[in-house]
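What follows is each chain in one-letter form.
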Amino acid sequence: MDSEKIISELSFKAVRSSGAGGQNVNKVSSKVVLTFDLNTSQALSEEEKLLLLTNIAPRLTTENILILNCDEDRSQLKNKDIVIKRFLEIIKKGLFVPKIRKATKIPKSVIKKRIKDKKNISERKQSRRKPDLD
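Throughout this document, residue positions are counted from 1 along each chain, in the order its sequence is written. Given that the model is predicted, a residue must reach a pLDDT of at least 70 before its local features are reported, and side-chain atom pairs must reach 80 or more before they are shown or counted; all residues, however, enter totals for whole chains, interfaces and linings. Hydrogen atoms and water are omitted, and side-chain values are computed over all heavy atoms in the structure.

> Explain the side chain of Ser 41 here, please?
Where helices and strands are cited, they refer to DSSP runs of H or I of at least four residues and of E of at least two residues respectively, numbered from the N terminus. Among the structural elements, Ser 41 can be located in the loop between β2 (31-37) and α3 (46-55). We call a residue buried when its accessible area falls under 20% of the maximum for its residue type, exposed when it is over 50%, and partly exposed in between, using a 1.4 Å probe and counting protein chains only. The class of Ser 41 is buried, set by a relative accessible area of 3%. Within the structure, Ser 41 has its side chain in polar contact with the backbone nitrogen of Ala 43 (distance 3.4 Å). In what follows, a contact means two residues having at least one pair of non-hydrogen atoms within 4.5 Å. Excluding residues within four positions of it along the chain, Ser 41 makes contact with Glu 9, Phe 36 and Lys 49. Polar contact is defined as a pair of N or O atoms within 3.5 Å, subject to the rule that within protein one atom must be able to donate a hydrogen and the other to accept it, and that residues adjacent in sequence are counted only when both atoms are side-chain atoms.

Structure below.
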């Protein structure tokens, strides 16, 4: 994954932010909306696209477009940086493939110890019984 190439494929839109902020909210477009089209991306291979389609499917639209918003800061540039960092984290987590667990064999010494312990417990319980007088 080449992050510089992916960042060049992103499209940004500045929108007026909602919420408190006084007159600044009505004048300045500080909210940043990031959109990334997974289908038309040239930076990702087909395998990476399939992996992302399965791993980040809930975040994608029906057209496989990822949309992220950021209106945390009053500065448009800071919001853009924040949303890019979020985007890269989502992509990295989506491309992560966990290691396949290998089933290990139980060592023979452990099996012998378990059987020996069972016999000891059995003998202890046998010795507690009343003697059979028949």
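> Please explain the pairing of β2 as it appears in this structure.
Consecutive side chains along a regular strand alternate between the two faces of the sheet. Along β2, five of the seven residues are buried, which leaves the element largely enclosed by surrounding structure. The pairing criterion is simple: DSSP has to find at least two bridges between the two strands. Both strand β1 (residues 11-15) and β2 contribute to a ladder of five bridges, which runs antiparallel. The partner of Lys 13 across the bridge, within β2, is Val 33.

> How should the sheet that holds β1 be read in this particular structure?
Hydrogen bonding along the main chain pairs the strands of a sheet, whether they run parallel or antiparallel. Reading across from one edge, β1-β2-β3 is the order of the three strands in this open sheet, with antiparallel pairing throughout. Every interior strand has two partners, whereas the edge strands, β1 and β3 (65-70), have only one. Between one strand axis and the next, the sheet turns through 20° on average, direction left out of account. Axis lines are fitted to C-alpha atoms, over the contacting stretch for helices. Their N-to-C directions set the angle, which ranges from 0 to 180 degrees. Relative to β3, helix α4 (residues 76-95) is tilted by about 140°, and along the sheet it contacts β1, β2 and β3.

> Just to check I follow, could you spell out the packing of α3 against α4 for this structure?
Helix packing geometry: the angle between the two helix axes and the distance between the axes. The interhelical angle for the contact between α3 and α4, taken along N-to-C directions, is 100°, at an axis separation of 8 Å. In terms of orientation, α3 lies roughly perpendicular with respect to α4. Two secondary-structure elements touch here, α3 through Glu 48, Leu 51, Leu 52 and Asn 55 and α4 through Ile 91, Gly 94 and Leu 95. Gly is put with the polar residues, along with every residue not named as nonpolar or charged; the nonpolar set is Ala, Val, Leu, Ile, Met, Phe, Trp, Tyr, Cys and Pro, and the charged set is Asp, Glu, Lys and Arg. A class-by-class count of the residues in the contact of α3 with α4 yields four nonpolar, two polar and one charged. The scheme is simple: roughly parallel for angles under 35 degrees, roughly antiparallel for over 145, roughly perpendicular for 65 to 115, oblique for anything else.

> Looking at this model, I keep getting lost on α3. Mind explaining?
Helical geometry: 3.6 residues make up each α-helical turn, so side chains three or four residues apart lie on a common side. By the burial criterion, the buried members of α3 are Glu 48, Lys 49 and Leu 52. Projected onto a plane normal to the axis of α3, the buried residues spread over an arc of 100° and lie on a single side. Exposed residues on α3 whose side chains face more than 90 degrees from its buried face are Glu 46, Glu 47, Leu 50 and Thr 54. On its buried face, α3 is in contact with α4. In this description, one arc is meant: the one made by directions from the helix axis to the C-beta atoms.

> What is the right way to look at the side chain of Lys 31 in this model?
In this structure, Lys 31 sits in strand β2. It turns out Lys 31 is buried and unbridged, and the closest side chain with the opposite charge, Asp 71, is 4.7 Å from it. With residues up to four places along the chain from it excluded, the contact list for Lys 31 reads Lys 13, Ala 14, Val 15, Arg 16, Ser 17, Asn 69, Cys 70, Asp 71 and Asn 79. Counted as positive: Lys and Arg. Counted as negative: Asp and Glu, with His and the chain ends omitted from the count. Salt bridge, as applied in this entry: a Lys or Arg side-chain nitrogen positioned within 4 Å of an Asp or Glu carboxyl oxygen.

> What is the right way to read the pattern of salt bridges from this model?
Between side chains of opposite charge, pairing is possible as soon as their charged atoms come close. Tallying each qualifying case throughout the model produces three salt bridges. A salt bridge links Lys 49 to Glu 46, with the nearest nitrogen and oxygen atoms 3.8 Å apart. Here Glu 46 and Lys 49 lie together in helix α3, a separation of three residues that amounts to about one turn. Classification of Glu 46 as exposed rests on a relative accessible area of 53%.

> Is there a simple way to think about the confidence of the model for the chain in this case?
Note that predicted coordinates carrying low pLDDT should not be read in detail. For the chain, the average pLDDT comes to 88, and 93% of its residues sit at 70 or higher. Mean pLDDT across the elements of the chain bottoms out in helix α2 (residues 23-27) (69) and peaks in helix α5 (residues 108-128) (96). pLDDT: the predictor's confidence for each residue, scored from 0 to 100.

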